[in-house]
Amino acid sequence: MTPSTTLKIAYSPCPNDTFVFDAWAHGRVPGAPRLDVKLADIDITNGMAERGEFDVLKVSYAVLPYVLDEYALLPCGGALGRGCGPLVLTREPGTGTAAQLAGRTVAVPSERSTAYLLFRLWAADMVPEGVGEIVVLPFHEIMPAVRDGKVDAGLVIHEARFTYPNYGLHCLADMGEHWESTTGLPIPLGAIIAKRSLGVGTLGVLAEAARTSVRMAWDDPLASRPYVLEHAQEMDPAVADQHIGLYVNEFTADLGEHGYAAVRGLLTRAAAEGLVPAIAPEALTFP
């Protein structure tokens, strides 16, 4: 592969992704291959990965067991962290117990999302009677649906952590708090994957390009601002900054021991609950 090579990449228009990839997408990372970028919500990129489309993709960690034969997990560029997990929201203030969700209808952004895996693991511990119907909605429709009484509760992600009070909603439970308190590990959310067929050398180049792009964004945050706000879907700039501050952290630059432990822990627990296929221990190893 040469720097003139163009690779097809898909990631979300969320501020953390556009912040991370701004330098690389705009040709400012020295020696990095050029990118043909498609912006798409995570549920769409998950489907792309399962169909083997695109060279590089941002996906939910929950989809890894279905794609690791064809794609390798890059050790950087993704989203893990602490205090950044999905929330379960309700219209009325909670009674203090998760049991109020027993038999209720809950809207989720995707059944192949990491948020849904975290929710199912939480519910297995906290709602032994079982929740009722699961309804899949685009994430931007979930809070209005809870507010309007179309569903009893909603599982939300991303900037909804900061904006749900604007809808008059209340946080019943924080999936991330439950995950961290029961495992001590950071919360795995979104992964960067690349096709194994590109070869070990190219995968190394891609990982270094992603890592460099992250560091360039940190070194000069204003450089990425036009790209971030262009795709932030009318998000308040202050909320976009909060979003970036929460989801772009040391694990974005390098998963490290704790990051890999979090991913293995999530997928092992989810497999034990029958939520995803089991993966081989070496499947997450970067070539």
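Above: the structure in question.
Residues numbered from 1 in each chain as written. Predicted model: local features only at pLDDT ≥ 70, side-chain atom pairs only at ≥ 80, totals over all residues. Heavy atoms only, no water.

A description of unusual backbone geometry should follow, citing residues and the corresponding values.
Notably, phenylalanine 54 is not glycine yet its phi reads approximately 75°, a positive angle. Checked against the element boundaries, phenylalanine 54 lands in the loop between α2 (42-50) and β3 (56-60). (Helix = DSSP H or I, 4+ residues; strand = E, 2+ residues; numbered from the N terminus.)

Residue-level account of the sheet that holds strand β9 (residues 153-156), with values.
Strand order in the open sheet formed by five strands is β8-β7-β9-β6-β10, with mixed pairing between adjacent strands. This sheet does not close on itself; its edge strands, each paired only once, are β8 (134-136) and β10 (170-174). The average undirected angle you get between the axes of adjacent strands in this sheet is 30°. Strand direction decides the pairing type here: strand β7 (residues 106-108) and β8, joined by three bridges, are parallel. Within the sheet, the bridge partner assigned to alanine 107 lies in β8 and is valine 135. Packing of helix α4 (residues 114-126) onto the sheet brings it into contact with β6 (87-90), β7, β8, β9 and β10, and relative to β9 it is tilted by some 130°. (Pairing = 2+ DSSP bridges. Axes fitted to C-alpha atoms, helices over the stretch in contact; angles between N-to-C directions. Contact = heavy atoms within 4.5 Å.)

Outline the side chain of threonine 18, listing residues and values.
Within the fold, threonine 18 resides in helix α1 (residues 15-25). For threonine 18, a relative accessible area of 0% translates into the label buried. When near neighbours in sequence (up to four residues on either side) are disregarded, threonine 18 contacts Tyr11, Ser12, Pro13, Tyr227, Val228 and His231. (Buried < 20%, exposed > 50% of the residue type's maximum accessible area, 1.4 Å probe, protein only.)

Any chance you could break down α4 for me, citing the residues and the numbers?
One turn of an α-helix holds 3.6 residues; hence residues three or four places apart share an orientation. Compared with an ideal rise of 1.5 Å per residue, which puts 13 residues at 18 Å, α4 spans 18 Å between its outermost C-alpha atoms and is within 8% of the ideal. What α4 keeps buried is the set Thr114, Ala115, Tyr116, Leu117, Leu118, Phe119, Leu121, Trp122 and Ala123. (Expected span 1.5 Å × (residues − 1).)

Any details on the pairing of strand β2 (residues 34-39)? Residues and values, ideally.
Sheet analysis places strand β1 (residues 6-11) next to β2, joined by six bridges and oriented parallel. Looking across to β2, one finds that leucine 7 is bridged to leucine 35. Once you follow β1 into α1 and on to β2, the crossover reads as right-handed. (Right-handed = clockwise from strand over helix to strand, strands pointing away.)

Tell me about the packing of α4 against helix α7 (residues 175-183), residues and numbers included.
Interhelical geometry of α4 versus α7 gives an angle of 70° and a closest axis separation of 9 Å. If you check the angle between α4 and α7, you find them roughly perpendicular. As for the relative orientation of α4 and α7, their crossing is left-handed in sense. Taken together, the residues of α7 that come into contact with α4 (itself represented by Leu118, Phe119, Leu121, Trp122, Asp125 and Met126) are Met175, His178 and Trp179. Tallied by class, the residues present in the contact of α4 with α7 amount to seven nonpolar, one polar and one charged. (Parallel < 35°, antiparallel > 145°, perpendicular 65-115°, else oblique. Left-handed = near helix turned anticlockwise from the far one by under 90°. Nonpolar A, V, L, I, M, F, W, Y, C, P; charged D, E, K, R; others polar.)

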